[in-house]
Amino acid sequence: MIVQYPFFYINEYATSQTDILLEEETSRHVIQVLRMKKGDKLHLTDGRGHLITATVLEEHKKHCTVRVGDVQFVPGPDRPAMVGISLLKNTSRFEWFLEKATELGVSELIPMLCTRTEKQSFRPDRMKNILVSAMLQSQQVWLPVLHAPIDYSLLFRQQEVADAANKFIAHCMEGEKTNLSVAADASTGSRLILIGPEGDFTAAEANLALQNHFIPVSLGDTRLRAETAGMVAATLLCLV
């Protein structure tokens, strides 16, 4: 998908809408920063697959109104990629992972609270802004679903986890593992991988995943930081 015009996010879109009132921050960017005028075209997305071509109708820096023209619906991926990853002690590294996972096209992100997860704050509004910026920068129209942090022991009760067609866990303990690039290439349907915290999953956590039909996988021969492991896993699930 190639976006020809300036590209912005809107929280909601109803197919019956003919005019859209942009939020104040977006209005300011359109009118004050880009100096767009009445009649200029831009692109909008609701992050749910819609690519909207619209025309500036009212030039106002706080409440710019645009008129909907062409609307395209871009289907989501045939093999959605989901990543469950522990919250990290270093917030900036976790945010970096969210940004890169979004650019790669991950469909769902599940922050986890594992035994070795160090206490960490989670700011959903800030996290969503990071996802939106990465989605727009990479010219996509699907915003990843960012779940609320969940205790690892409760993870396997979640519907999206139970419904995943292919389930993988990457841990650093000894044992037989399949290379994720091979497993991803052979899989059909949705894929979910679990990435542990600094210090890795505990043996009990790894065993719980195995009991729930997760396949242990390797991400390579070197030991990776959690956020790097998340990015490598996202790359393989999205691009292989």
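Residues numbered from 1 in each chain as written. Predicted model: local features only at pLDDT ≥ 70, side-chain atom pairs only at ≥ 80, totals over all residues. Heavy atoms only, no water.

1. Re the pairing of strand β6 (residues 81-86)
Counted only if it meets this: Residue burial is assigned from relative accessible area. The probe radius is 1.4 Å, only protein chains are included, and a residue is buried under 20% of its type maximum, exposed over 50%, and partly exposed in between. To qualify as a helix, a DSSP run of H or I must reach at least 4 residues; to qualify as a strand, a run of E must reach at least 2; elements of each kind are numbered from the N terminus. DSSP calls a pair of strands paired once it identifies at least 2 bridges connecting them.
With six of six residues buried, β6 lies mostly within the body of the structure. Across the two faces of β6 the burial is the same, with Ala81, Val83 and Ile85 and Met82, Gly84 and Ser86 all buried. Pairing of β6 with strand β12 (residues 191-195) involves five bridges; the strand directions are parallel. Bridging from a neighbouring strand, methionine 82 pairs with leucine 192 of β12. Pairing of β6 with strand β7 (residues 108-113) involves five bridges; the strand directions are parallel.

2. Examining unusual backbone geometry
A positive phi angle is found at arginine 35, which is not glycine, with a value near 55°. Mapped onto the fold, arginine 35 is located in the loop between α1 (24-33) and β3 (41-45). Here the phi dihedral of glutamine 139 falls at roughly 55°; this positive angle occurs in a residue that is not glycine. The residue glutamine 139 is located in the loop between α3 (124-137) and β8 (145-146) in this model.

3. Re the pattern of salt bridges
Put simply, the test is: Here, a salt bridge means any Lys or Arg side-chain nitrogen found within 4 Å of an Asp or Glu carboxyl oxygen.
Summed over all chains, the structure comprises six salt bridges. Put simply, arginine 126 and glutamate 95 hold a salt bridge, and the shortest N to O gap is 2.6 Å. Separated by 31 residues along the polypeptide, arginine 126 in helix α3 and glutamate 95 in helix α2 (residues 91-104) bring together distant segments of the chain. Owing to a relative accessible area of 37%, arginine 126 belongs among the partly exposed residues under this scheme.

4. Describing the packing of aromatic side chains
Let me state the cut-off plainly: Only centres within 6.5 Å qualify two rings of Phe, Tyr or Trp (six-membered ring in Trp) as a pair; their planes then separate them into stacked at under 30 degrees, edge-to-face at over 60, and tilted for everything else.
One pass over the full model with this rule turns up four aromatic pairs. A ring pair is formed by tyrosine 152 and phenylalanine 201, whose centres lie 5.5 Å apart and whose planes are at 45°; its orientation type is tilted. Highlighted residues: tyrosine 152 in helix α4 (residues 152-155) and phenylalanine 201 in the loop between β12 and α7 (203-211), separated in sequence by 49 residues. Classification of tyrosine 152 by relative accessible area gives buried; the value is 2%. With centroids separated by 5.6 Å and ring planes inclined at 85°, the aromatic side chains of phenylalanine 156 and phenylalanine 214 adopt a geometry described as edge-to-face.

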